[in-house]
Amino acid sequence: MKAVFLLTVVITSFSSLIANGENFEATLNALKEESLVLKITEHGVVGDGETINTVGLQKAIDYCHEKGGGTLWFPAGKYVTGTIRLKSNITLSFDHEAYLLGSLKMEDYPTDKLRSAREGQAECLIYAEDAENIQFKGLGVIDGRGTPEFFPRNRKSRPGEEQKRRGDRRPRLICMENCKNLTFKGLTYKNPAFWGIHLVDCRDIHFSAVTIRFRDNNRNNDGIDLDGCENVLIEQCDIESGDDAICLKSSLNPCRNIVVRGCKVSSHTAALKFGTSSRGGFIDIDVSDCNFHDCPMGAIKLQSVDGGKLENIKITRITMDEVGCPIFLRLGNRGTDFANKRGQQGPIGTLRNVLISDIKANVTLRADKSPERDPEDEVSDKDLAWAGPIMITGIPGHRIENVILKNIQISFPGHGTGEHTQREVPEDVAKYPEQFFFGVLPAWGAYIRHAENITFENVQLETRADDGRERIVVDDTTNFQELSE
């Protein structure tokens, strides 16, 4: 509200000056002088696609910060850099055809001045800690260029590199910790070597009209990772990721008060995922009006496996096309403690009070996307497991509670057999939670186990081919209701 008020004052004052015959150019200059703008090409930064500009960009950031804040203006060009560190009150503004390109040399991603990462490694292209009022905006591109050719997974040190470089040191695209008032508006983000946009213990965050293109670039290319973040709005974004697209994590603190709306999302793994790290929990999350497509490993995954509370979740008005398991809720006991990295077993968490409504989904087999597949070919158990039913499962003695699925239409591929109904589904209490790890389930529509107060209201499930399994299987569950209109 404060920002809107200030903008109104400026516009009103500006209009009054024009109406009163004040000099138009003088008025514009006065407004410009209120905020420092550095055109980076006038400050030693070269957009030739080859020069490493890390030092020049960091000097510009530091200068703006010392002056109380300002904007780094990137005109059209290709600006190569290693790790840069943003500070409070800094805006990065990109013109159309302005590219910030990650260096292809590992030595340009030092970590000696960065905090140790709670998960994974510390290397990243853009970094900030304990800062506020940072903006990314414009029509340009931030491209990590993190292909396996230059950043292979589990790489060994090259000749001349220090021993500490051994292991998987692929840099993230953006990593920000304990920051507030963050704005991501416009821009296209591409090709991280590891995770994409990773925000840890940050608050008051707005993503608007962001384009993410991380698919088929490297491994573990998550889209937006929010770890222990609060007061977040993600809206009107177009996300294609290799790994989880919109991923809420809680390695220490809870994610809470998060809204996702109006997004188009695809992923090799999950469009929307809570977890896997879930120590702090997920509270008060609202997701609506989204399209999830081309997600062969599943679409919606809500997981509490490290001791946190997953509560008060609303997911509504979602369409899904060409997805694997459409809805997967898992309460487990992996018990990882990310804060001290010693792996102590913590308490078992909770998963309750979830509403998922107004969903229309088309579940497909991975193999169907292969041009070599004959429709008459036998479907493998692996493909059937990926295209699994709705799965809601706790563990013995710890139940998922109070889940409502309402106004749901899901079309499944079928192809299950009567033999699959005899499978004993493993508990896998402490295993990393993926739905297909449980194998082919004895139901084609929904499998519910170790749960309480589960309601299906107007849930329409169908198969496109014959399936010898049950429509719904319920095990160790009290008060399961299936209601029709």
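Definitions and limits used
- Residues numbered from 1 in each chain as written.
- Predicted model: local features only at pLDDT ≥ 70, side-chain atom pairs only at ≥ 80, totals over all residues.
- Heavy atoms only, no water.
- Salt bridge = Lys/Arg side-chain N within 4 Å of Asp/Glu carboxyl O.
- Helix = DSSP H or I, 4+ residues; strand = E, 2+ residues; numbered from the N terminus.
- Buried < 20%, exposed > 50% of the residue type's maximum accessible area, 1.4 Å probe, protein only.
- Core = buried A, V, L, I, M, F, W, Y, C linked by side-chain atoms within 4.5 Å.
- Pairing = 2+ DSSP bridges.
- Polar contact = N/O pair within 3.5 Å; in protein donor to acceptor, adjacent residues only side chain to side chain.
- Contact = heavy atoms within 4.5 Å.
- Disulfide = S-S within 2.5 Å.
- pLDDT = per-residue confidence, 0-100.
- Phe/Tyr/Trp six-rings, centres within 6.5 Å; stacked < 30°, edge-to-face > 60°.
- Lys NZ or Arg CZ within 6 Å of the ring centre and 35° of its normal.

Caption draft 1: Structural view of the pattern of salt bridges. This model, assessed by the stated rule, comprises 26 salt bridges. Residues E240 and R213 are paired through a salt bridge, measuring 3.7 Å at the closest nitrogen-oxygen approach. A residue pair is termed long-range when its members are at least 10 positions apart, and E240 in strand β17 (residues 238-241) and R213 in strand β14 (residues 211-213) qualify at 27 residues. Overall, E240 belongs to the partly exposed group, its relative accessible area being 26%. For E401, the salt bridge goes to R352, with nearest N and O atoms at 3.2 Å. Here the residue E401 occupies a position in strand β28 (residues 400-412), and R352 occupies one in strand β26 (residues 350-363), the gap between them amounting to 49 residues. Residue class for E401 comes out partly exposed when judged on its relative accessible area of 22%. We classify R352 as partly exposed; its relative accessible area is 23%. Salt bridges here are not isolated pairs; linked through shared partners, they connect R85, R115, E129, D130 and E177.

Caption draft 2: Representation of the nonpolar core within the structure. Of all hydrophobic cores here, the largest spans 112 residues; its most connected members are F136, M176, F184, Y189, L199 and F207. No other element matches the 8 residues that strand β29 (residues 443-463) contributes to this core. C325, F328, F438 and L441 belong to the second largest nonpolar core, which has 9 residues in total.

Caption draft 3: Seen up close, the pairing of strand β3 (residues 70-74). In terms of burial, β3 is largely enclosed, as 4 of its 5 residues are buried. Where strand β1 (residues 36-39) meets β3, 4 bridges bridge the pair, whose relative direction is parallel. By the bridge assignment for β3, L36 is matched with G70. As defined by bridge partners, β3 adjoins strand β6 (residues 90-94) across 5 bridges and the pair is classed as parallel. Along β6, the bridge assignment pairs L72 with L92.

Caption draft 4: Inspection of the side chain of S267 at higher detail. Looking at where S267 falls in the secondary structure, it is placed in strand β20 (residues 264-267). Among the polar contacts listed, one links the side chain of S267 to the side chain of S241, at a separation of 3.5 Å. Polar contacts involving the side chain of S267 include one to the main-chain amide nitrogen of A270, which spans 3.2 Å. Residues within four places of S267 in sequence aside, it is in contact with R215, S241, G242, D243, D244, A245, H293, D294, C295 and P296.

Caption draft 5: Summary view of the environment of S357. Residue position: S357 is located in strand β26. Separated by 102 residues in sequence, S357 and V459 have C-alpha atoms that sit 9.4 Å apart.

Caption draft 6: Seen up close, the state of the cysteines. For the coordinates displayed, the defined rule picks out 0 disulfides. C237 carries a free sulfur, and the closest cysteine sulfur to it, the one in C263, is 4.6 Å from it. We classify C237 as buried; its relative accessible area is 2%.

Caption draft 7: Expanded view of unusual backbone geometry. Omega for the peptide link from G275 to T276 comes to 10 degrees, which places this bond in the cis form. Note on placement: T276 falls in strand β21 (residues 272-278). Here the phi dihedral of N407 falls at roughly 55 degrees; this positive angle occurs in a residue that is not glycine. Residue placement: N407 occurs in strand β28. Although it is not a glycine, N453 adopts a positive phi angle of roughly 60 degrees. Note that N453 resides in strand β29. Its relative accessible area of 25% is what places N453 among the partly exposed residues.

Caption draft 8: Geometry of the confidence of the model for the protein chain. Across the protein chain, pLDDT averages 90, with 87% of residues at or above 70. Confidence drops under pLDDT 50 across residues 1-21; counting only partners more than four residues distant or on other chains, this segment forms 8 contacts. Low confidence marks residues 157-166, where pLDDT is under 50. Its contacts with residues over four positions away, or in another chain, come to 14 contacts.

Caption draft 9: Just the environment of Y99, in detail. Relative to the helices and strands, Y99 is located in strand β7 (residues 98-102). The contacts of Y99, once residues within four sequence positions are left out, are G77, K78, Y79 and V141.

Caption draft 10: View of the packing of aromatic side chains. Under the criterion given, the structure shown has 12 aromatic pairs. With centroids separated by 5.4 Å and ring planes inclined at 35 degrees, the aromatic side chains of F274 and F282 adopt a geometry described as tilted. The same class applies to F274 and to F282, which are both buried. Residues F456 and F480 carry aromatic rings whose centres are separated by 5.3 Å and whose planes lie at 80 degrees to one another, so their mutual orientation is edge-to-face. One end of the pair, F456, is in strand β29; the other, F480, is in strand β30 (residues 470-483), with 24 residues separating them in the sequence. Cluster of aromatic residues (ring-pair linked, three or more members): F74, Y79 and F94. Its end group placed over the ring of Y99, K78 keeps NZ or CZ at 6.0 Å from the ring centre. R366 extends its terminal NZ or CZ atom over the ring of W386, reaching a point 3.8 Å from the ring centre.

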